[in-house]
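Each chain, written out:
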Amino acid sequence: MRRLPSPDDLLILLTVARLGRFNAVAETLGTTHTTISRRILALDKQLGGRTLERSPHGWELTELGSQAVAAAEAIEGTLGALSGTLARDGDALSGLVRISTPDGFGAEFLAPALVRLQRDSPLLNVELLSATRKASQNRSGVDLEVVVGNLEVAHAEAIFLSNYFLRLYASPEYAQGRGLPATLDDVRQHGFVSYVESALQVAELGHRSTRLPVPRSSFQATSIFAQLEAVRRGAGIGLLPNFMVVGKPGFVAVLPDDFQRQLPIWAVARAESLRSAPVQAVLGAIRTEVKERQDVLAG
């Protein structure tokens, strides 16, 4: 009589299907790349065929792998329900969800949404990774990506979250000391604060894509929080997301009737990740937060 495959190995395969990289799986499960590879090989031997194959997009499931993952998802669901029962609080959400997000949007929207979710689901662990980039064309090592701008995704689903605006801002002290431009062409006489162009994956966030004139000087940073502080301290005019500025002291709008840029923001995930109850709960919490604060995004 043929032995059944190991439930542990099936759950490892499920995590590989979601995260795509053995190193990311090893981090999540607290083990090593070598152990993950060895357990997948053992599962392949037990099932009599390969469960994974390499592609330009990283590890992909074979037909046999998809069947094995379906079994693994059933095991995961049963274990989640059992964990909730043992915790005596009806909480079936447990495990780790890894999310990558631009740092500003992550701080303003994801952090409050996920803190609330964890209050109701104390067995749920969250890792929030700051990354301002396009949707990964390779398996990204996260369960959910939040990305900005136009999308080109493969083997994943994109869920629209909202639009938001980039606008020009300066500090009141800068405006008083240097004056503000009367036209967009006058921007060339000022310092300009934005992302580091050479490190920027999302071109729409940078100065070069605005068609504004080359400024007198620039202050560039990969962190939106550093950009905000630079504008606040008078480094120049900043190209900033409205949701980071609206309703906060220390900023004045610059040429609000002449320039603004609307950008979409998306959640992107693999099908295997979207079938996970914790990932669905995280996505639902983010969408609720965004919906309830549309006035901030449109402000």
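Residues numbered from 1 in each chain as written. Predicted model: local features only at pLDDT ≥ 70, side-chain atom pairs only at ≥ 80, totals over all residues. Heavy atoms only, no water.

A. Quick peek at the overall build of the protein chain. Looking only at helices and strands, the protein chain has 10 helices and 11 strands in total. Its C-alpha atoms give the protein chain principal-axis dimensions of roughly 85 × 45 × 25 Å. The contacts of the protein chain with a sequence gap of at least 6 include a subset with a gap of at least 24, amounting to 76%. (Helix = DSSP H or I, 4+ residues; strand = E, 2+ residues; numbered from the N terminus. Contact = heavy atoms within 4.5 Å.)

B. Representation of the packing of aromatic side chains within the structure. Summed over all chains, the structure comprises 5 aromatic pairs. A centroid spacing of 5.8 Å and a plane angle of 80 degrees characterise the contact between Phe105 and Phe243, whose relative ring orientation is edge-to-face. Residue Phe105 is located in helix H5 (residues 103-120), and its partner Phe243 is located in the loop between strand S9 (237-241) and strand S10 (252-253); the two are separated by 138 residues in the primary sequence. Residue class for Phe243 comes out buried when judged on its relative accessible area of 4%. Taking 5.5 Å as the distance between ring centres and 80 degrees as the angle between the ring planes, the aromatic pair formed by Phe109 and Phe243 counts as edge-to-face. Of the two residues, Phe109 is situated in helix H5 and Phe243 in the loop between S9 and S10; the sequence distance between them amounts to 134 residues. (Phe/Tyr/Trp six-rings, centres within 6.5 Å; stacked < 30°, edge-to-face > 60°. Buried < 20%, exposed > 50% of the residue type's maximum accessible area, 1.4 Å probe, protein only.)

C. Quick peek at the nonpolar core. Within the largest apolar cluster, 56 residues are counted, with the highest numbers of intra-cluster contacts made by Phe105, Leu205 and Val282. Not counting residues within four places of it along the chain, the set of residues in contact with Phe105 comprises Leu110, Val146, Leu161, Phe243, Ile265, Val290 and Leu297. By size, the runner-up hydrophobic cluster in this structure holds 20 residues, among which are Ala24, Val25, Trp59 and Ala72. (Core = buried A, V, L, I, M, F, W, Y, C linked by side-chain atoms within 4.5 Å.)

D. Region of the structure containing the packing of helix H1 (residues 7-19) against helix H2 (residues 22-29). The geometry of H1 relative to H2 is characterised by a closest axis approach of 9 Å and an angle of 125 degrees between their N-to-C directions. With respect to their mutual orientation, H1 and H2 come out oblique. Between H1 and H2 the crossing geometry is right-handed. Every residue of H2 that contacts H1 at Ile12, Thr15, Val16 and Leu19 is listed here: Phe22, Ala24, Val25, Thr28 and Leu29. (Axes fitted to C-alpha atoms, helices over the stretch in contact; angles between N-to-C directions. Parallel < 35°, antiparallel > 145°, perpendicular 65-115°, else oblique. Left-handed = near helix turned anticlockwise from the far one by under 90°.)

E. Fine view of helix H3 (residues 33-47). With 15 residues, H3 should cover 21 Å at 1.5 Å per step; its first-to-last C-alpha distance of 21 Å lies within 8% of that length. Those residues of H3 that sit buried are Ile36, Ile40, Leu43 and Asp44. Along the axis of H3, the buried residues cluster in a sector spanning 100 degrees; they form a single face. Along H3, the residues that are exposed and aim more than 90 degrees away from the buried face are Thr34, Leu41 and Lys45. Looking at the buried side of H3, the elements it contacts are H1, H2 and strand S1 (52-55). (Expected span 1.5 Å × (residues − 1). Arc of directions from axis to C-beta.)

F. The pattern of salt bridges, seen in detail. In this structure the tally under the stated criterion is 13 salt bridges. Measuring nitrogen to oxygen at the nearest pair gives 2.6 Å for the salt bridge that ties Arg188 to Asp185. On the basis of relative accessibility, which here comes to 35%, the residue Arg188 falls in the partly exposed class. A single salt-bridge network, built from bridges that share partners, covers Glu108, Arg116, Lys248, Glu289 and Arg293. (Salt bridge = Lys/Arg side-chain N within 4 Å of Asp/Glu carboxyl O.)

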